[in-house]
Structures are given as C-alpha cells and as structure tokens.
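Chain by chain, the residues run as shown.
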Amino acid sequence: MNELAYGVKTLKSSRRIWIKNPLATLDSESAGGVVIEGQLIVEVLASGASPVQPVDEVFDAREHVLLPGLINSHHHFYQTLTRAFPQALNKSLFSWLKSLYPVWAKLGEEMIEVSTQVALAELLLSGCTTASDHHYLFPRGLENAIDIQMAQAEKLGVRVHLTRGSMSLGEEDGGLPPQSTVQDEETILDDSERLISRYHQPEAGAMSRVALAPCSPFSVSESLMRASAELAQKYDVRLHTHLAETHDETAFCIKMFGLRPLDYLEKVGWLTDRVWLAHGIHFNDDEIRRLGAAGTGICHCPSSNMLLASGLCPTLDLERAGSPVGLGVDGSASNDGSNMIQEVRQAFLLGRLKYDAAEITHQKVLSWATEGSARCLGRDDLGSLKVGQQADIALFKLDELRFAGAGDPLAALVLCGAHQADRVMVAGQWRVIDAAIVDYDIAQLIQRQKALARKLAAS
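Before going into details, it helps to say that this report is about the structure given with it. Since this is a predicted model, take the numbers as computed values, not measurements.

Definitions and cut-offs
- Numbers given for residues are sequential positions, taken from 1 along each chain in its written order.
- Predicted model: local features are reported for residues with pLDDT of at least 70 only, side-chain atom pairs are reported and counted for 80 or more only, and whole-chain, interface and lining totals are derived from all residues.
- The side-chain figures draw on all heavy atoms in the structure; neither hydrogens nor water molecules are used.
- Where helices and strands are cited, they refer to DSSP runs of H or I of at least four residues and of E of at least two residues respectively, numbered from the N terminus.
- Any two residues whose heavy atoms approach within 4.5 Å at even a single point are treated as in contact.
- Accessible surface is estimated by sampling points in the Shrake-Rupley manner with a 1.4 Å probe; for residues, cover comes only from the protein chains shown.
- Positive charges come from Lys and Arg, negative ones from Asp and Glu, while His and the chain ends are left out of the count.
- A charge is said to be at NZ when it belongs to Lys, at CZ for Arg, at CG for Asp and at CD for Glu.
- Here a polar contact is taken to be a pair of N or O atoms separated by no more than 3.5 Å, where protein atoms must pair a possible hydrogen donor with a possible acceptor and residues adjacent in sequence count only if both atoms sit in side chains.
- By definition here, a salt bridge exists when the distance from a side-chain nitrogen of Lys or Arg to a carboxyl oxygen of Asp or Glu is within 4 Å.
- Burial classes follow relative accessibility: with a 1.4 Å probe on protein chains only, a residue under 20% of its type's maximum area counts as buried, one over 50% as exposed, and anything between as partly exposed.
- A 1.4 Å probe that fits but cannot get out identifies a cavity on a 1 Å grid over protein atoms alone, an open set with protein on both sides within 12 Å along at least five of seven lines counts as a pocket, and a residue lines either if it has an atom within 4 Å of a point.
- Grid points are joined across faces, edges and corners, and a volume is the space filled by probe spheres set on the points.
- Throughout, the ten residues Ala, Val, Leu, Ile, Met, Phe, Trp, Tyr, Cys and Pro are labelled nonpolar, Asp, Glu, Lys and Arg are labelled charged, and all others, Gly among them, are labelled polar.
- In this context, the arc is that of the directions from the helix axis out to the C-beta atoms.
- At least two DSSP bridges between two strands are needed for those strands to be called paired.
- Pairing of aromatic rings covers Phe, Tyr and Trp, the last through its six-membered ring, and needs centres within 6.5 Å; plane angles under 30 degrees mean stacked, over 60 mean edge-to-face, and all others mean tilted.
- Two conditions define a charge sitting above a ring: the NZ of Lys or the CZ of Arg must be within 6 Å of the ring centre, and it must be within 35 degrees of the ring normal.
- When the sulfur atoms of two cysteines come within 2.5 Å, that pair is taken as a disulfide.

## Considerations on the overall build of the chain
Moving on, step 1. A tally of helices and strands in the chain yields 15 helices and 18 strands.
Moving on, step 2. On the principal axes, the C-alpha backbone points of the chain span a range of 65 × 45 × 45 Å.
Moving on, step 3. Once local pairs closer than 6 in sequence are excluded, the contacts in the chain between residues at least 24 apart make up 75%.
Moving on, step 4. For the chain, the accessible surface area stands at approximately 17,200 Å², while carbon and sulfur atoms represent 49% of it.
Moving on, step 5. Averaging the positions of the 42 positive and the 57 negative side-chain charges in the chain gives two centres separated by 2 Å.

Here it is in structure tokens:
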C-alpha cells in the first residue's frame, strides 16, 4: 500500500453533489450536468433531466463551461526556475540544452520543492487535474528528487504520474549532458525499483503513479534503455522518453547507433503500447504506420516545439494510424509557462498550419488534453464525463473582456484564449474555488520561487 494517504478523505465521503446545467460541455450527453458521489461521477444528465436520487449539494453551473479535468502528459517541473533564461534565448534544442545543463546541475532540494509547487499550482489554476513530470536530473545531494515531488503533489491534491528519468551517457562517452548530471545504471535501476515500490498505485483512482523515463537517445546508453524496458514489464509500469524532436537528434542517432530514432527505439524493445513519447515530430510515413500499429502514444508539445523551432508534430496522421495523441506543456524553460488551457489553444492554432480547418476543431484539441492524454498515461478512469470516471472537473467562466460578444461558449474557451479556471475538482474535492487554490498562499510561493531562481542563476 502506498505510504502517502492520497484520497483517504475522498473515499470516506458519500455526499452527492450535482454540478447543474452548465453553460456548455465537451459532451452534449452531460448538458444537464453530472452528479458526484465520493470521488466518482455516478450520474450524467441530459439537458432538462434531474438526478434519480436526492443530492446533498447543488452547484449552479449556468455561467460555467464544464470540462473533464485537463491532463498534462509531459513536463519538467524544475524548469520553472529558468524561465526566459538569458543564456538560453534564441537557440535550438541541442545548444539550448548545453547552455542550461550546467545551471540545472546545481539544483538543490528546496529548489525542487518550490519549483514543483509552482508548476503544479499553475497547472491546477489552468484546469489541469493530472500531471506527468519527467525528472531526469539527479546531481549529488538530489537523489530524492522524486520523493520531494510526490510530497508537493499530495499537498496540492493533484494527481501525478511522476517518471523516474535518467541520464547515463555523459559528454565523456559521446552524450550531450555534463558528467556531473549522469548516474551509473545500477543506481538508476535500483532507485527506479524503490520508487515503484513506494509510490506506484496500480488501482483505479490512483493519485500517484510511477513510470520509467530514460531521458533521450543522446543522454542514455542502449543497455539502460533495454534494462528499463525489462523493469517496466516486470512491474507493469509505463515507459516514457523524448523522441524524434529535432533533426539534430536524427543525425545523432544515425551517427551513434547507425539507426534512425524509431529504429533505435524498436531495437531496444520500446515500440509497444506501454510507451508514450514526448514530441514525435520527425517521423516518416512508414514510421507513423509502425507507431500506430504498436499503439505507442505521442504527447504533442506545441509551445515548446515552436519556441525551440523544432518542427510540427503530425498529430492527425499519428492518430489515424492508431497512436493515442495527448497534450503537454513540456518544460517551462522551453515553454515559459505551465498553462494547460493555453496549450490547448496553441495546439489548435498550430494544427491549422498543417491540417484542414474542418479537421483541427476546438473539440479535437480538447480531446487531446483529456481522453488522449489519459490514454498516453494508460488511464481508463480519467479524461471524460462518464459514469464511473473519477470526479476530476474543470469549470471555466466567460466573464472576462476577452470573451465579450462570444457566440459558442465551448469554442470561446479555445478561440478567445481562456487562461484560468474558476473551479477545479480533483477526486471529488474542490481544489480551486473562485480562481484561487484552496488554502494556498500563492504570493509567498512566488517570492520563494523568485529568490531561488536568482540563487540558481548566480551559482
């Protein structure tokens, strides 16, 4: 049993809450709202319908657009400490990483604590109820980084899929990261087992899960990729990595392994439906077919891909081939934000540059941020407003100037650029009320983050 007491209060609760008659929803079947009991959706109401059993509380949602909680399927929480970092501006991925690795190598425990809170708070306020993070930096003294992240997620009441990232291939061995940021394979695998044993909750409704995530082909060895896949199969956890993000990565793989990135992925036993990949930009038609046949997921990261000039993910082609497509904000240092509802808009606009306007709709991109991301994370209990799903809810008001005169309320969230949720529920518990996190001092958090960012930049 997980040592963290996630969900205990929620499980004991039997109050029935009717989120009544929303202004709009992602699914017309829930036009009359949903009924929550404990941490589950127990009834979905059509327009004009009433609950079949009495309720204890009614939330009048006539001014709110109702969505399933948004799900962020790729992030690097620690990077909130290096937003708009001067030495990393106007660079593509490899040179951007080389300018930041020496800075990140100096991260400390308090920096992980506060940056995790910042990322999760920003996500929560944007309507995100489940977040995956890819933490792969474990310099000396920071071996318990994932433990620190788990504790912060519990404080904020957010669901997390934290991935035990790793880097084992340093500059001395032909990799990209400095030696001070890499670990040996035995240390990585032993800690991966420890974290799975302590934090991974396989059951439905889990508040914490662990996945294994060697960072990228240019920062880990072939043997670590294979061993991670074997360990993931042994414990039935998921696998995650960056792949096909840039042309530089393709050139590196051909030079280092004599293979394109996807061929390398298949060689090390990763072309399966246990895997979801971040970015997935530079695949050819045959590779897209193979990914779809394997059921390998892709997390689309539009803002990061644009900021680093990496390219455009072939989202619809991947989806049509059979790959789940989710959405992620990626690291704040390559996005400079952790806002999921804004990321939905970026996916919408960027998708229109590649595909027909009738194909990239506001409903489509919202589905990537909900059901698509849930599939990437291997969750069938999240991502929709259906009976038996977890009560993870995001409610948005359209009372800001940006929405004045808007016609379709659901489309307005995406087209007019919503940036903050008014109410957010996770596992049946309100975590955001009136656009503020419940019992949480944001002003103090901002000051701590600013001080730590200055300290890191000066170190």
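## What about the side chain of Gln-183?
Moving on, step 1. Turning to its location among the elements, Gln-183 is positioned in the loop between strand 9 (159–166) and helix 5 (185–199).
Moving on, step 2. For Gln-183, the side chain forms a polar contact with the side chain of Arg-164, separated by 3.1 Å.
Moving on, step 3. Contact partners of Gln-183, with chain neighbours within four places excluded, come to Phe-138, Arg-164, Met-167, Ser-168 and Ile-188.

## Re the pattern of salt bridges
Moving on, step 1. Applying the stated criterion across every chain yields a total of 28 salt bridges.
Moving on, step 2. Taking the shortest distance from any N to any O, the salt bridge between Lys-397 and Glu-63 comes out at 3.3 Å. Separated by 334 residues along the polypeptide, Lys-397 in strand 15 (residues 393–397) and Glu-63 in the loop between strand 5 (57–60) and strand 6 (64–68) bring together distant segments of the chain.
Moving on, step 3. Exposure remark for Lys-397: the relative accessible area of 23% places this residue in the partly exposed category.

## Section: empty space enclosed by the protein
Moving on, step 1. Scanning the model with the defined rule gives one cavity of 30 Å³ or more in all.
Moving on, step 2. For the largest cavity, the calculated volume is near 140 Å³.
Moving on, step 3. It is helix 2 (residues 93–104) that contributes the most residues to the lining of the largest cavity, four residues altogether.
Moving on, step 4. Partitioned by chemical class, the residues of the lining of the largest cavity number eight nonpolar, eight polar and two charged.

## A few points about helix 7 (residues 247–257)
Moving on, step 1. Taken as a whole, helix 7 has its buried residues at Glu-249, Thr-250, Phe-252, Cys-253 and Phe-257. End-on, the buried residues of helix 7 take up no more than an arc of 160 degrees, which puts them together on one face. Turned more than 90 degrees from where helix 7 packs its buried face, His-247 and Lys-255 sit exposed.
Moving on, step 2. Residues of helix 7 that are buried sit in contact with helix 2, helix 6 (222–235), strand 11 (239–243) and helix 8 (261–267).
Moving on, step 3. Directly beyond the C-terminal end of helix 7, a positive phi value near 75 degrees is found at Gly-258.

## Structural notes on unusual backbone geometry
Moving on, step 1. A positive phi angle is found at Asp-434, which is not glycine, with a value near 55 degrees.
Moving on, step 2. Examined against the element boundaries, Asp-434 turns out to sit in the loop between strand 17 (429–433) and strand 18 (436–437).
Moving on, step 3. Phi is positive for Asp-439, close to 55 degrees, though the residue is something other than glycine.
Moving on, step 4. With respect to the secondary-structure elements, Asp-439 resides in the loop between strand 18 and helix 15 (442–458).
Moving on, step 5. For Asp-439, a relative accessible area of 79% puts it in the exposed group.

## Digging into the sheet that holds strand 18
Moving on, step 1. The sheet built from six strands is open, its strands ordered 2-6-15-16-17-18 with mixed pairing. Each edge of the open sheet carries a strand with a single partner, namely strand 2 (24–25) and strand 18.
Moving on, step 2. Examined bridge by bridge, strand 17 and strand 18 share two bridges and lie antiparallel to one another. Residue pairing for strand 18: Ile-433 is matched across the bridge by Ala-436.

## Observations regarding the packing of aromatic side chains
Moving on, step 1. Overall, the coordinates contain nine aromatic pairs when judged by the stated rule.
Moving on, step 2. Pairing Tyr-78 with Tyr-136 gives two aromatic rings, centres 6.0 Å apart and planes at 90 degrees, and the pair type is edge-to-face. In this pair, Tyr-78 is assigned in the loop between strand 7 (70–72) and helix 2 and Tyr-136 in the loop between strand 8 (128–135) and helix 4 (145–156), connecting sequence segments 58 residues apart. Each member of the pair, Tyr-78 as well as Tyr-136, carries the same accessibility label: buried.
Moving on, step 3. The aromatic ring of Tyr-355 is capped on one face by Lys-354, whose charged end is 5.6 Å from the ring centroid.

## A closer look at the state of the cysteines
Moving on, step 1. Following the criterion strictly, the structure yields zero disulfides and no others.
Moving on, step 2. No disulfide involves Cys-215; its nearest neighbouring cysteine sulfur is the one of Cys-253, lying 12 Å away.
Moving on, step 3. According to the relative accessible area criterion, Cys-215 is buried, its value standing at 3%.

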